[in-house]
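Observations on the three-dimensional arrangement
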Amino acid sequence: MPRPTAPSTAPPAVHDSLVLEPRDVRFDWSQLPLHWIPDEPMATHTINVLHLLLPEGERWFIRVFKDALPMIRDEQLREEVLGFIGQESIHAEAHQEVLDHLLTQGLDPRPYVRQVNWLFHRVLGEKTGLTARQRRENTIERVAFVAAIEHFTAFLGNWALNSPGLDRAEADPTMLDLLRWHGAEEVEHRSVAFDLMGHLDPGYLRRVRGMAVAGPLLVHLWVRGVRFLLAADPVLQGRIRPTWREAGLNSRRGLLPDPVRSIRSGLRYLRPGYHPTQEGSSSQALGYLAASPAARRAATR
Ligand SMILES: [Fe+2]
Ligand SMILES: [Fe+2]
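Residues numbered from 1 in each chain as written. Chains lettered and ligands numbered in written order. Predicted model: local features only at pLDDT ≥ 70, side-chain atom pairs only at ≥ 80, totals over all residues. Heavy atoms only, no water.

For the rest of this paragraph, the subject is the coordination of the iron ion (ligand 2). Looking at the iron ion (ligand 2), one finds its protein donor set to be E88 (OE), E150 (OE), E150 (OE), E186 (OE), E186 (OE) and H189 (NE2), positioned 1.9 to 2.6 Å from the metal centre. Relative to the metal, the 6 donor atoms surrounding the iron ion (ligand 2) lie at angles of 53 to 149°, and the coordination shape comes out irregular. Mapping the donors of the iron ion (ligand 2) onto the primary sequence gives the spacing E-x61-E-x35-E-x2-H. (Donors = N, O, S within 2.8 Å, 3.2 Å for Na, K, Ca; no water. Tetrahedral: all angles 85-135°; square planar, octahedral: opposite > 155°, others 65-115°.)

Shown next as structure tokens:
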């Protein structure tokens, strides 16, 4: 059954055979150094913000998608949404284990995670006392927000798959595998939230609103997260403060995504003919998933 399309935009590319397979990966963090990019605490903690945000964020994606399931009138899309839920649930648990490991290393992430928890449960959680129509509207609005965030997770995933600077800096191989396995699955399922949003409401304004909230909020959470981790780091004890200049230098060395490119990527999402398939490469993502040590171990379990 064809998906509905906005009259003013190009029709979304529909996958004919996107089968999303949750890979039940496991990682051993017992040997992970606190600064897993050696001598690069700022780059390490800038990437570590993912571990602060993703467990609660991805659990929230799952709740939103489960709310949206009864509204889906397309069997293929329903299968993709179920595959997405399966993948995100494993992602959340994988990042949760890193958070637990940080605590054993003397860096307590809980004060920040409590705020993230509050945001995803209280501010962005399901509202009570709504009529059926308001409930549907609220679910679609949250799906649009997920779609905008998924644009950035795919952008970051694509970056992780193409980041030889991290190998040159001798970043911890287990963490690199986590980032690239997760990044590859983000690239693999990058269209699902966007297609779900288009299925429930093909209107362009919905997309703009999702990005108008998600883009600035992510920047804000990231900056706060880096500040928090650098201050809570038991080795640094607040001696390093993050700066945009340092972030720019790290990105030029390939240790972090370029902040300017990240913002430009957010703007690309607003192009009327945009579709997530225009970003990243599914074949590269699947190539990594075929080679990922964690994904290979999961395939043989
Ligand atoms: Fe994910
Ligand atoms: Fe995702």
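Right, picking up where we left off after that structure.
Because each turn of an α-helix spans 3.6 residues, side chains separated by three or four positions in sequence point in the same direction. Under the 1.5 Å per step criterion, the end-to-end length of helix α4 (residues 132–161) is 42 Å for 30 residues, consistent within 8% with the ideal 44 Å. In terms of burial, α4 is largely enclosed, as 21 of its 30 residues are buried. (Helix = DSSP H or I, 4+ residues; strand = E, 2+ residues; numbered from the N terminus. Expected span 1.5 Å × (residues − 1). Buried < 20%, exposed > 50% of the residue type's maximum accessible area, 1.4 Å probe, protein only.)

According to the stated counting rule, one finds 17 salt bridges in the structure shown. Across the pair E40 and R253 runs a salt bridge, and its minimum N-O distance is 2.5 Å. With E40 in the segment before α1 (41–68) and R253 in the loop between α9 (244–252) and α10 (259–268), this residue pair connects regions lying 213 residues apart in the sequence. A relative accessible area of 42% places R253 in the partly exposed class. The salt bridge partner of R142 is D67, with a shortest N-O separation of 3.0 Å. Of this pair, R142 sits in helix α4 while D67 sits in helix α1, placing them 75 residues apart in sequence. Look at the salt bridges and you will find they share partners, linking E137, E141, D201, R206 and R209 into a network. (Salt bridge = Lys/Arg side-chain N within 4 Å of Asp/Glu carboxyl O.)

Of all the residues in helix α12 (residues 293–300), the buried ones are A294, A295 and A298. Angular distribution of buried residues about the axis of α12 spans 95°; they occupy a single face of the element. The outward face of α12, more than 90 degrees from its buried face, is lined by the exposed residues R296, A299 and T300. Of the surrounding secondary structure, the elements contacted by the buried residues of α12 are α6 (173–188) and α11 (282–291). (Arc of directions from axis to C-beta. Contact = heavy atoms within 4.5 Å.)

Turning to the side chain of R207, a few remarks are in order. Inspection of the secondary structure assignment puts R207 in helix α8 (residues 204–232). Lacking a salt bridge, the buried R207 has D195 as its closest oppositely charged neighbour, with an N-O distance of 9.9 Å. From its side chain, R207 meets the backbone oxygen of R271 in a polar contact 2.7 Å long. (Lys, Arg positive; Asp, Glu negative; His and termini not counted. Polar contact = N/O pair within 3.5 Å; in protein donor to acceptor, adjacent residues only side chain to side chain.)

Scanning all chains against the criterion turns up 11 aromatic pairs. Between W60 and F145 the ring centres are 5.7 Å apart and the planes differ by 75°, which places this aromatic pair in the edge-to-face class. With a gap of 85 residues between them, W60 in helix α1 and F145 in helix α4 connect regions that are remote in the sequence. In this pair, the class of W60 matches that of F145, namely buried. Arranged with centres 5.4 Å apart and planes meeting at 75°, the rings of F194 and Y274 form a pair that is edge-to-face. (Phe/Tyr/Trp six-rings, centres within 6.5 Å; stacked < 30°, edge-to-face > 60°.)

Look at helix α2 (residues 75–104) against helix α7 (residues 192–200): their axes get within 10 Å of each other, and the N-to-C directions meet at 140°. As far as their axial angle goes, α7 and α2 are oblique. Classified by chirality, the crossing of α7 by α2 is left-handed. Within the contact between the two elements, α2 uses L77, E80, V81 and F84 and α7 uses V192, D195, L196 and H199. Class assignment for the residues of the contact of α2 with α7 results in 5 nonpolar, 1 polar and 2 charged. (Axes fitted to C-alpha atoms, helices over the stretch in contact; angles between N-to-C directions. Parallel < 35°, antiparallel > 145°, perpendicular 65-115°, else oblique. Left-handed = near helix turned anticlockwise from the far one by under 90°. Nonpolar A, V, L, I, M, F, W, Y, C, P; charged D, E, K, R; others polar.)

Membership of the largest hydrophobic core comes to 54 residues, with the highest contact counts inside it found for W60, F65, V81, V146, L196 and Y269. Dropping the residues within four chain positions of it, L196 is found in contact with F65, A68, I72, L77, V81 and V143. (Core = buried A, V, L, I, M, F, W, Y, C linked by side-chain atoms within 4.5 Å.)

Contact geometry for α1 and α8: axes closest at 8 Å, N-to-C directions at 115°. In the crossing of α1 with α8, the sense of the turn from one axis to the other is right-handed. Seen from α1, the contacting residues are P41, M42, H45, T46, N48, V49, L50, L52 and L53; seen from α8, they are L221, W222, G225, V226, F228, L229 and L230. Counted by class, the contact of α1 with α8 contains 12 nonpolar, 4 polar and no charged residues.

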